[in-house]
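# A closer look at the structure
Read off the chains here:
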Amino acid sequence: MKTNIIKWSTLILAMVIAFSSCKKDSDTAEIISTTPTEYLTAGSWKITAMTIDPGVDIGNGILLTDVFSLLDACEKDDLMVFNTNGTITADEGVLKCNPDSPQTSNDGSWSLSSDNKTLTIIPAADNSEDPTIQATVITLNNAELVMSFESEGFAGDKNESAAYKYSITMKK
């Protein structure tokens, strides 16, 4: 009987020591940080919203603020890839507006300021009529990019120059 008590006591003591020395690996796990540039260059982005302020008078006193609503379905599914080498690749998406257009094309170049607050987009040489965009980055994470920029344009029928603020939301 005394031998059984010693065996059980030794077994219980061994189990207590074994289980108390176990430590979760998560206590020492490294925290991996993703930079804004890594968020930007990881995957394809699709425009999901685009607005303009002030609204543009499209006639009969109607002010248009939702620019995205004017896009054709074949434009709404287009993708933009910010490549790690600083170039931008445009992808026509599933619905191509012009079947003869290439599926992908060089759409210019990009750079992100050192404070990650300004995204500069320079159009490709064949789109030289498009202006360089200096956009303020509002949100940039693994799923969403929200930016805004100002541009001069003509105010409806008045043919007067006006400053407009565009806001663009892109998602992966």
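Because the structure is predicted, anything quoted here is derived from the model rather than measured.

### Quick notes on unusual backbone geometry
Here the amide bond leading from Asp53 into Pro54 is cis, since omega sits at 5 degrees, within 30 degrees of zero. With a phi close to 55 degrees, Asn60 is a non-glycine residue in the positive phi region. For Asn60, the location among the structural elements is in the loop between β1 (46-57) and β2 (63-66). The class for Asn60 is exposed, based on a relative accessible area of 80%. With phi around 65 degrees, Asn116 is a residue other than glycine that occupies positive phi space. Here Asn116 shows up in the loop between β5 (104-112) and β6 (118-122). A relative accessible area of 28% places Asn116 in the partly exposed class.

### Describing the state of the cysteines
Considering all chains together, one arrives at one disulfide under this definition. Note that Cys74 is cross-linked by a disulfide to Cys97, the S-S spacing being 1.9 Å. Across the S-S bond of Cys74 and Cys97 the torsion is about 95 degrees, and the bridge reads as right-handed. Here the residue Cys74 occupies a position in helix α3 (residues 73-76), and Cys97 occupies one in the loop between β4 (87-91) and β5, the gap between them amounting to 23 residues. Look at Cys97 and you get partly exposed, because its relative accessible area is 40%.

### Quick notes on the pattern of salt bridges
Tallied over the full model, the rule gives one salt bridge. For the salt bridge of Glu144 with Lys171, the shortest nitrogen-to-oxygen distance reads 3.7 Å. You can see Glu144 sitting in strand β8 (residues 144-154) and its partner Lys171 sitting in strand β9 (residues 161-171), a full 27 residues away along the chain. You can call Lys171 partly exposed: its relative accessible area is 38%.

### Remarks on the pairing of β4
Side chains Ile88 and Ala90 project from β4 onto a buried face, and the interleaved Thr87, Thr89 and Asp91 project onto a face without burial. In the sheet, β4 pairs with β5 via five bridges, with the strands oriented antiparallel. When the sheet's bridge partners are listed, Asp91 is paired in β5 with Thr104.

The rules we used
- Chains are numbered independently. Their residues run from 1 in the order of the written sequence.
- Per-residue local features of the predicted model are confined to residues with pLDDT of at least 70, and side-chain atom pairs are confined, for both listing and counting, to 80 or more; whole-chain, interface and lining totals are unaffected and use all residues.
- The basis for the side-chain values is all heavy atoms of the structure; hydrogens and waters are excluded.
- Secondary structure elements are defined from DSSP: runs of H or I of at least 4 residues count as helices, runs of E of at least 2 residues count as strands, and each element is numbered from the N terminus.
- For each residue, the accessible area found with a 1.4 Å probe, counting protein chains only, is set against the maximum for its type, and the residue is called buried under 20%, exposed over 50%, and partly exposed in between.
- In what follows, a disulfide is any cysteine sulfur pair within 2.5 Å.
- Each salt bridge in this description consists of a side-chain nitrogen of Lys or Arg and a carboxyl oxygen of Asp or Glu lying within 4 Å of one another.
- Strands pair, by our definition, only if DSSP identifies at least two bridges between them.

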